[in-house]
Amino acid sequence: MTYSVAVAGASGYAGGELLRLLAAHPEFEVRTVTGHSSAGQPLIATQPHLRSLAHLTLRETTPEVLDGHDVVFFALPHGASGALTAQLTDVRLAVDCGADHRLTDAADWAAFYGGEHHEAWTYGVPELLVGAAGAKQRDALVGASRIAAPGCNASTVALSLAPGIAAGVIEPSDLVSVLAVGPSGAGKAAKTHLLGAELMGTANPYAVGGTHRHIPEIQQALRGAGAQAPVTISFTPVLVPMSRGILATSTARIAPGVTAAEVRAAWEDAYADEPFVHVLPEGVYPRTADTVGANTCLMGVAIDEAAGRVVVVAALDNLAKGTAGAAIQSANISLGLPERTGLSVDGVAP
Ligand SMILES: NC(=O)c1ccc[n+]([C@@H]2O[C@H](COP(=O)([O-])OP(=O)(O)OC[C@H]3O[C@@H](n4cnc5c(N)ncnc54)[C@H](OP(=O)(O)O)[C@@H]3O)[C@@H](O)[C@H]2O)c1
C-alpha cells in the first residue's frame, strides 16, 4: 500500500528535509505541499535541490488542504501547528516537528514558550529508554495516530544521558551539556544574528543560563527514563559555522560505588541493537560530518575518573535524525512498516 502524504511548512528547512527523505521512501507518495508566505509558488522555487518533486506547487496551510491524506507532517514555527492539528478530521497519522505537542506539563509550556498549551502526543524518539528493564519509546509508537517529533538538541541530549539515568549509574541532579550547533537549527526565516557575516569565523553562544526551550523537553524525557531524583541540567548551545549538525558534549556525576565498566556497559547495552544510534569503540568520538544526511546519532563515551564524571559526546544531523528522520522513523513504526524504510545510516562527508 502507498500512503498519501502532505507536508505543511514545505518551504522551510525541516519541511525540505522531510521531502528529501519522503521522495525516496517506497511507501509514501507526497501529494500536497503547503507554505505560508510562499503559497502559490512552485516548490522548487524554495527547494531547488528537490528535483523529483518539481511538479508540486505550494498551497495554503489550511485544515481543508491537509485533510484526507493518510499522513500529514507539520514543520511549522512553534505555536502554528497546535490550532491546525485540532481541526483535522480525516488524517490517519499526523506528525508534528514543532514543539506544540511535545510537553506534557502546561506550566513548562507557559514558562518556556507561552500561549495556548496543546495536548502532548506520543514522543518520536524510538530509541529513548522509558523506565525499567530496557523498555523503549518505540513500543508507544506502534499504532500511534499522533506523534510529536523531538527538538533536535533535546533528542541529542536525551539520547546521550538516558542510558546512565535508566541504569542508575549517574546522578540526574548534576547534568551539564554544551552543544556546538549549526544555524539551520534556527530555520530559514531571515534573522540578523544568522547572517553569514555574523556567523563565519566565530562561535556564538546563545540562550545561556537555563533559558533554552529544549530544557523542559530534556527533563521530561529523562524523568521518563526513570530518574530517581529531580533532573537538573545546565544546557548551553553555541552556534558554529556549519550549516547542519549538532555536537553535544554532556557530562554527569557518576553515582557512588559505580565502576567504570558498569558505566560503559549502561550505554553499550542500551544501544547494542539499535539501527540508528551507535556507541563508538572506546577512545573514539564522533564528528558531525559523518552524520550529515544520515539518520544516525553517533556517540562516544569516556569516564573521567579524576572528575568522577562520565563524558558523552554525541553527533547528529539536526535536520535528519534530529527532525525529519526521527519523524519518518516514528511514522514507519506507527504504520507497521519496517523501521528503517527510507532511512540511511550513511552520511555524505566531507
Ligand atoms: N531546523 C531544525 O533543525 C529543526 C529541528 C527540530 C525541529 N524543528 C522544528 O520544525 C519546525 C520548522 O522549523 P524550520 O527550521 O523548518 O523553520 P523554517 O525554515 O523557518 O520553516 C518554517 C515553515 O513554516 C511556514 N510558516 C511560517 N509561518 C507560518 C505560519 N504562521 N503558519 C503556517 N506556516 C508558517 C514557512 O512558510 P513560508 O516560508 O512560505 O513563509 C515555512 O514553510 C519548527 O517548529 C522547529 O522548531 C526544526
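Quick caveat: nothing in here was measured; it's all calculated off a predicted structure. (Residues numbered from 1 in each chain as written. Predicted model: local features only at pLDDT ≥ 70, side-chain atom pairs only at ≥ 80, totals over all residues. Heavy atoms only, no water.)

Asks: Please clarify how the pattern of salt bridges should be interpreted in this entry.
Replies: Any two side chains of opposite charge can pair if their charged atoms end up close together. Across all of its chains, the model carries 14 salt bridges by this definition. A salt bridge links Glu17 to Arg244, with the nearest nitrogen and oxygen atoms 2.8 Å apart. A residue pair is termed long-range when its members are at least 10 positions apart, and Glu17 in helix α1 (residues 13–23) and Arg244 in the loop between β10 (233–239) and β11 (246–254) qualify at 227 residues. Using a relative accessible area of 1% as the deciding quantity, one classes Glu17 as buried. One salt-bridge network, held together by shared partners, links Glu17, Arg20, Arg244 and Asp317. (Salt bridge = Lys/Arg side-chain N within 4 Å of Asp/Glu carboxyl O. Helix = DSSP H or I, 4+ residues; strand = E, 2+ residues; numbered from the N terminus. Buried < 20%, exposed > 50% of the residue type's maximum accessible area, 1.4 Å probe, protein only.)

Asks: Explain the environment of Thr288 here, please?
Replies: Topologically, Thr288 is positioned in the loop between β12 (277–279) and β13 (297–304). Sequence separation of Thr288 and Val181 is 107 residues, and the distance between their C-alpha atoms is 9.6 Å. Apart from residues no more than four positions distant in its own chain, Thr288 is found in contact with Met242, Gly245, Ile246, Leu247 and Ala315. (Contact = heavy atoms within 4.5 Å.)

Asks: Whenever I open this one, the site of the ligand confuses me. Can you help?
Replies: Residues in close proximity to the ligand total 28 residues, the closest being Ser11, Ser37, Ser38, Leu76 and Thr323. Contact between the ligand and Ser11: an oxygen atom at 2.6 Å from a side-chain N or O atom of the residue. A distance of 2.6 Å separates an oxygen atom of the ligand from a polar atom in the side chain of Ser37. Contact with the protein chains hides 81% of the accessible area of the ligand, taken as 900 Å² for the molecule alone. Those elements giving two or more residues to the shell around the ligand turn out to be α1 and α11 (320–335). Both domain 1 (3–150 + 321–335) and domain 2 (153–317) contribute no fewer than three residues apiece to the shell around the ligand. (Near = heavy atom within 4 Å. Polar contact = N/O pair within 3.5 Å; in protein donor to acceptor, adjacent residues only side chain to side chain. Areas by Shrake-Rupley, 256 points an atom, 1.4 Å probe, with all protein chains shown as cover. Domains from an automatic or database assignment.)

Asks: I'm lost on the domain arrangement of the protein chain in this one. Help?
Replies: As a measure of interface size, the accessible area lost when the parts come together is often cited. As assigned here, the protein chain comprises domain 1 (3–150 + 321–335) and domain 2 (153–317). The gap between the C-alpha centroids of domain 1 and domain 2 is 23 Å. Listed per partner, the contact involves 30 residues of domain 1 and 38 residues of domain 2. Approximately 2,600 Å² of surface area, both sides summed, lies buried where domain 1 meets domain 2, with 54% of it carried by carbon and sulfur atoms. When the buried area of domain 1 at its contact with domain 2 is split by residue, Tyr13, Phe112 and Lys321 rank highest and sum to 27% of it. Between domain 1 and domain 2 we count 4 salt bridges in total. Its salt-bridge partner being Arg138, residue Glu274 comes within 2.7 Å of it at the nearest N-O pair. (Buried area = accessible area lost by both parts, 1.4 Å probe.)

Asks: Please clarify how the side chain of Ser4 should be interpreted in this entry.
Replies: Here Ser4 shows up in strand β1 (residues 3–8). Given the relative accessible area of 6%, Ser4 is considered buried. Leave out the neighbours within four places in its chain, and Ser4 touches Glu29, Arg31, Gly68, His69, Asp70 and Val71.

Asks: Just checking my understanding: could you explain the nonpolar core for this structure?
Replies: Grouped burial of nonpolar side chains is what soluble globular proteins tend to show. In terms of nonpolar packing, the biggest core is built from 46 residues, with Ile170, Trp267, Met299 and Val310 touching the most fellow members. Contributing elements (two or more residues each) for this core: α7 (152–167), β8 (170–181), α9 (215–224), β10, β11, α10 (260–271), β13 and β14 (309–316). In terms of residues, this core owes the most to one element, α7, which gives 8 residues. Of the residues that make up this core, three or more belong to each of domain 1 (3–150 + 321–335) and domain 2 (153–317). Filtering out sequence-adjacent residues up to four positions away, Val310 remains in contact with Ile170, Ser250, Thr251, Ala252, Ile254, Val263, Trp267, Val301 and Ala302. Of all hydrophobic cores here, the second largest spans 35 residues; its members include Val5, Val7, Ala10 and Val71. (Core = buried A, V, L, I, M, F, W, Y, C linked by side-chain atoms within 4.5 Å.)

Asks: Looking at this structure, how should I read the sheet that holds β1?
Replies: Hydrogen bonds between backbone atoms are what pair the strands of a sheet, whose relative direction is either parallel or antiparallel. With parallel pairing, 7 strands are arranged side by side in an open sheet as β3-β2-β1-β4-β5-β7-β6. Here the strands that pair on one side only, and so sit at the sheet edges, are β3 (58–60) and β6 (122–123). With 6 bridges joining them, β1 and strand β2 (residues 28–35) adopt parallel strand pairing. In the strand pairing of β2, Ser4 is matched with Glu29. Each of β1, β2 and β4 (71–74) is contacted by α1, which is oriented at about 160° to β1, the strand it contacts most. (Pairing = 2+ DSSP bridges. Axes fitted to C-alpha atoms, helices over the stretch in contact; angles between N-to-C directions.)

Asks: Help me understand the UniProt feature "domain: Semialdehyde dehydrogenase NAD-binding" (unreviewed entry) in the protein chain, please; the structure alone is not making it clear to me.
Replies: Annotation from UniProt places "domain: Semialdehyde dehydrogenase NAD-binding" (unreviewed entry) at residues 4–136. A distance of 28 Å separates the end C-alpha atoms of residues 4–136, which is 23% helix and 20% strand. (UniProt positions renumbered as here; feature names shortened; annotations may be inferred.)

Asks: I would appreciate a short explanation of the UniProt feature "active site" (unreviewed entry) in the protein chain in the present structure.
Replies: UniProt's entry tags Cys152 with the feature "active site" (unreviewed entry), counted in the numbering of this structure. Checked against the element boundaries, Cys152 lands in helix α7. Taking the relative accessible area as the measure of exposure, Cys152 reaches 10% and is therefore buried.

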